[in-house]
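One-letter residues, chain by chain:
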Amino acid sequence: MKTSDIIIKCLEKENVKFIFGYPGGAVLPLYESLRHSNIDHILVRHEQSAAHCASGYARASKEVGVCLATSGPGATNLITGIATAYMDSIPLVVITGQVNSNLIGKDVFQEADIVGSTEPFTKHNYLVKKAEDIPKIIKEAFYIAKTGRPGPVLIDIPVDIQRQKMKFNYPSNINILGYKPTYKGHLGQIKRALNKLKGSKRPLICVGGGIICANAVDEFREFVNKGQIPVIHTLMGIGALNEDSTYHLGMIGIHGNKGSKNIVSQADLIMIIGARIADRAHNLIQSLNNDIDIIHIDIDPAEVGKNIKSHVPIVGDAKTILQEFNKKITNLDTKDWINQLQIIKSTEKENNILDEKYVNPKVALNYLSDKAHNDCIVTADVGQNQIWTIKNFKFMGKRSIFTSGGLGTMGYSLPASIGAQFASTNKVICVTGDGGLQMSLGELGTIGQNDLPILIILFNNNRLGMVRELQYNAYGKGNYYGVDLKNPDFILLSKAYGIDGIRVNNNKEFEKVVENALKSDKPYLIECMVNPDFATL
Ligand SMILES: Cc1ncc(C[n+]2csc(CCOP(=O)(O)OP(=O)(O)O)c2C)c(N)n1
């Protein structure tokens, strides 16, 4: 059998339904084999988007996302997408073509050392040296990508190897020396944590994206309700708990709720679940009182104690560990503590001023949130639009938000929405800024070509809004540089790609069009004109 056919067969064995990719000379045999397979290839407009699409697909399907690119520039274009997935613990298998084996290292046409380049932000990567290794490598790659802390794995396959012939045999077992993720948390530590919780007067949970990666939202909600423990979350932890839950207090960090510092400083115990507490969440650390007890649960041992010291470290899978906790946890006496926190929470007021000349994004997102279905998927880009979305769209029921929380990658939202829409029949809403949209503009073509019913909400302030705001804060009003955009007519442009759309100038106009746009089974773009001086918080 041809090796390229075998590669595709291996992917079929791994239940791959879609590959997001972009062809080139070093993957010709693979494309010829794909042509004969049941796997759908989705042609994107830029390799970076292929990785972001695969990421959106992985998040929505809870499967491994797969993307494919040719050697050299095709492969290097994937890098930002791979790093984005790595930072957010998204399982990807990335396949790249490589030049002929005997030419590697000779700086031949379209050669790049993609294995060397991606080493810092792949969970693992392979350069295939022998065709016979391929089935084992693919089996391992999927296993590594989705087990333990999920992440991207890259397989670089020289084109001569793709053309060879060999027998197909897919391994049924796997044994990777030195890779044995821990799932079960240490029972002794779980017992210690339970005792600490019982002794605590003012416990708090800080939940991160790990709970979503571990597919442990149900177990988490059960734990919170049984224990009656108030919850704060990081950006990646949005959606772990319904926002209307009594125990939900809001987001921590520099873009978090104003009261979160206050809330944290009063706690006597904090239980961190699946969060690394990086710099954006840093005010959590600054606000802790000295004699607080910290319990830290994470699948990645390297995260425990990295940014925050912990008294009870528990390494393992959040789902398995919370199942253990749920067997033993009883109602804690937290009624007064919760009432006290609810008062702090209620002091937060949003800027809901309506303007005749502009859309207020906060009001628009609140309205959109009220009208959208309870299981919609929202993707947000990076910038003011990201913070407006995560703070004003209500994440309840099965709603989810996909955004680049770790790397903060502009141009993520549009391709991620494509991947999500291929994985799900739920409504996908893509929120983006005008700068971010233009970073992956070509993907309007992918949406149009595949007639994906994505609703795109573009907040257009004709500026790189968040950077402009940073300049304002650092250098004063008027001292802006390198942030003005002379934008195209986005509605004309989207129509050119076969996507209908409308420009709205204020919230009344937005409200008029949004319900029909949500019901539409066609792609649709609503361009919201936003005052450039409108603040993030
Ligand atoms: C790839 C990339 N380049 C640069 C940045 C730095 N950056 C962060 S926010 C931002 C501005 C985003 O502007 P826009 O997309 O218009 O969104 P807005 O802030 O106006 O909502 C920039 C340039 C980034 N996060 N990602």
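- As annotated in an unreviewed UniProt entry, the protein chain is Acetolactate synthase from Anaeromicrobium sediminis.
- Per UniProt, the protein chain carries the Catalytic activity (unreviewed entry) text "2 pyruvate + H(+) = (2S)-2-acetolactate + CO2".
- What the UniProt record of the protein chain gives under Sequence similarities (unreviewed entry) is the line "Belongs to the TPP enzyme family."

### Focus: the overall build of the protein chain
- When helices and strands are tallied, the protein chain shows 23 helices and 18 strands.
- Its C-alpha radius of gyration of 24 Å places the protein chain within 12% of the 24 Å reference for a compact globule of 537 residues.
- Burial analysis of the protein chain (537 residues in total) assigns 57% to the buried set.
- Split by element, the accessible area of the protein chain, about 22,500 Å² in all, is 50% carbon and sulfur.
- Of the charged side chains in the protein chain, 59 are positive and 53 negative; the average position of the first set lies 4 Å away from that of the second.

### Quick look at the site of the ligand
- Looking at the ligand, there are 17 residues lining it, with Gln 384, Gly 408, Asp 434, Gly 435 and Gly 436 nearest.
- Here an oxygen atom of the ligand sits 2.9 Å away from a polar atom, N or O, in the main chain of Asn 385.
- Gly 436 places a main-chain nitrogen or oxygen 2.7 Å from an oxygen atom of the ligand.
- Considering the ligand on its own, with 590 Å² of exposed area, one finds that the protein chains cover 77% of that surface.
- Mapped by element, the contributors of at least two residues to the shell around the ligand are helix H17 (384–392), helix H19 (434–439) and helix H21 (465–475).
- Considering each element in turn, the shell around the ligand owes the most residues, four residues, to H19.

### Brief notes about the packing of helix H16 (residues 361–371) against H17
- Axis separation between H16 and H17 bottoms out at 9 Å; the angle between their running directions is 45 degrees. With respect to their mutual orientation, H16 and H17 come out oblique. Considering the relative orientation of H16 and H17, their crossing is right-handed. Residues Pro 361, Lys 362, Leu 365, Asn 366 and Ser 369 of H16 lie in contact with H17, whose contacting residues are Trp 388, Thr 389 and Asn 392.
- Along the lines of polarity and charge, the residues of the contact of H16 with H17 split into three nonpolar, four polar and one charged.

### Considerations on the packing of helix H11 (residues 217–227) against helix H14 (residues 318–328)
- For the pair H11 and H14, the least separation of the axes is 9 Å and the interaxial angle reads 30 degrees. On the basis of the axis angle, H11 is roughly parallel to H14. H14 is crossed by H11, and the crossing has left-handed handedness. Residues Glu 219, Phe 220, Glu 222, Phe 223 and Lys 226 of H11 form the contact with H14, whose own contacting residues are Lys 319, Leu 322, Gln 323, Phe 325 and Asn 326.
- Residues that form the contact of H11 with H14 fall into these classes: four nonpolar, two polar and four charged.

### Here's the deal with the sheet that holds strand E12 (residues 312–315)
- Taken together, the six strands give an open sheet; going across it, the order is E9-E8-E7-E10-E11-E12, and neighbouring strands pair in parallel fashion. Strands with a single pairing partner mark the edges of an open sheet, and in this sheet they are strand E9 (248–251) and E12. Strand-to-strand twist of the sheet, defined as the mean angle between neighbouring strand axes without regard to direction, takes the value 15 degrees.
- Strands in contact with helix H9 (residues 187–199) are strand E7 (203–207), strand E10 (269–273), strand E11 (293–298) and E12; relative to E12, the strand with the most contacts, it is inclined by about 135 degrees.

### Concerning the domain arrangement of the protein chain
- By domain assignment, the protein chain separates into domain 1 (3–163), domain 2 (187–347) and domain 3 (361–529).
- Between domain 2 and domain 3, the C-alpha centre-to-centre distance is 31 Å.
- Each partner contributes residues to the interface: domain 2 has 14 residues there, and domain 3 has 14 residues.
- For the pairing of domain 2 and domain 3, the buried interface totals around 1,100 Å² over both sides, and the portion due to carbon and sulfur atoms is 61%.
- Between domain 2 and domain 3 we count zero salt bridges in total.

### Here's the deal with the nonpolar core
- Ranked by internal contacts, the top residues of the largest apolar core, which has 45 residues, are Phe 20, Leu 78, Phe 422, Ile 447, Ile 454 and Ile 456.
- The dominant element in this core, judged by the number of residues it contributes, is helix H3 (residues 47–61), at six residues.
- Lining this core are residues from two domains, each supplying at least three of them: domain 1 (3–163) and domain 3 (361–529).
- Not counting residues up to four positions away in its chain, the partners in contact with Ile 454 are Ser 417, Ile 418, Gln 421, Val 428, Cys 430, Ile 447, Lys 522, Pro 523 and Tyr 524.

### What to know about the environment of Arg 45
- Note on placement: Arg 45 falls in the loop between strand E2 (40–43) and H3.
- Spatially, the C-alpha atoms of Arg 45 and Glu 443 are 5.8 Å apart, while their sequence positions differ by 398 residues.
- A distance of 3.2 Å separates a polar atom in the side chain of Arg 45 from the backbone oxygen of Gly 445.

### Focus: the sheet that holds E2
- Taken together, the six strands give an open sheet; going across it, the order is E2-E1-E3-E4-E6-E5, and neighbouring strands pair in parallel fashion. Edge positions in the sheet fall to E2 and strand E5 (124–127), since each of these pairs with one other strand and no more. Strand-to-strand, the axes of this sheet are offset by a mean angle of 20 degrees, without reference to chain direction.
- In terms of strand pairing, strand E4 (residues 92–98) meets strand E6 (residues 152–158) through seven bridges, oriented parallel. Its bridge partner being in E6, Gly 97 is matched across the sheet by Ile 157.
- Along the sheet face, H3 touches strand E1 (18–21), strand E3 (65–69) and E4 and points at about 170 degrees away from the line of E3.

About the thresholds
- Residues numbered from 1 in each chain as written.
- Predicted model: local features only at pLDDT ≥ 70, side-chain atom pairs only at ≥ 80, totals over all residues.
- Heavy atoms only, no water.
- UniProt positions renumbered as here; feature names shortened; annotations may be inferred.
- Helix = DSSP H or I, 4+ residues; strand = E, 2+ residues; numbered from the N terminus.
- Rg over C-alpha atoms; globule rule 2.2 N^0.38 Å.
- Buried < 20%, exposed > 50% of the residue type's maximum accessible area, 1.4 Å probe, protein only.
- Areas by Shrake-Rupley, 256 points an atom, 1.4 Å probe, with all protein chains shown as cover.
- Lys, Arg positive; Asp, Glu negative; His and termini not counted.
- Charge placed at Lys NZ, Arg CZ, Asp CG, Glu CD.
- Near = heavy atom within 4 Å.
- Polar contact = N/O pair within 3.5 Å; in protein donor to acceptor, adjacent residues only side chain to side chain.
- Axes fitted to C-alpha atoms, helices over the stretch in contact; angles between N-to-C directions.
- Parallel < 35°, antiparallel > 145°, perpendicular 65-115°, else oblique.
- Left-handed = near helix turned anticlockwise from the far one by under 90°.
- Contact = heavy atoms within 4.5 Å.
- Nonpolar A, V, L, I, M, F, W, Y, C, P; charged D, E, K, R; others polar.
- Pairing = 2+ DSSP bridges.
- Domains from an automatic or database assignment.
- Buried area = accessible area lost by both parts, 1.4 Å probe.
- Salt bridge = Lys/Arg side-chain N within 4 Å of Asp/Glu carboxyl O.
- Core = buried A, V, L, I, M, F, W, Y, C linked by side-chain atoms within 4.5 Å.

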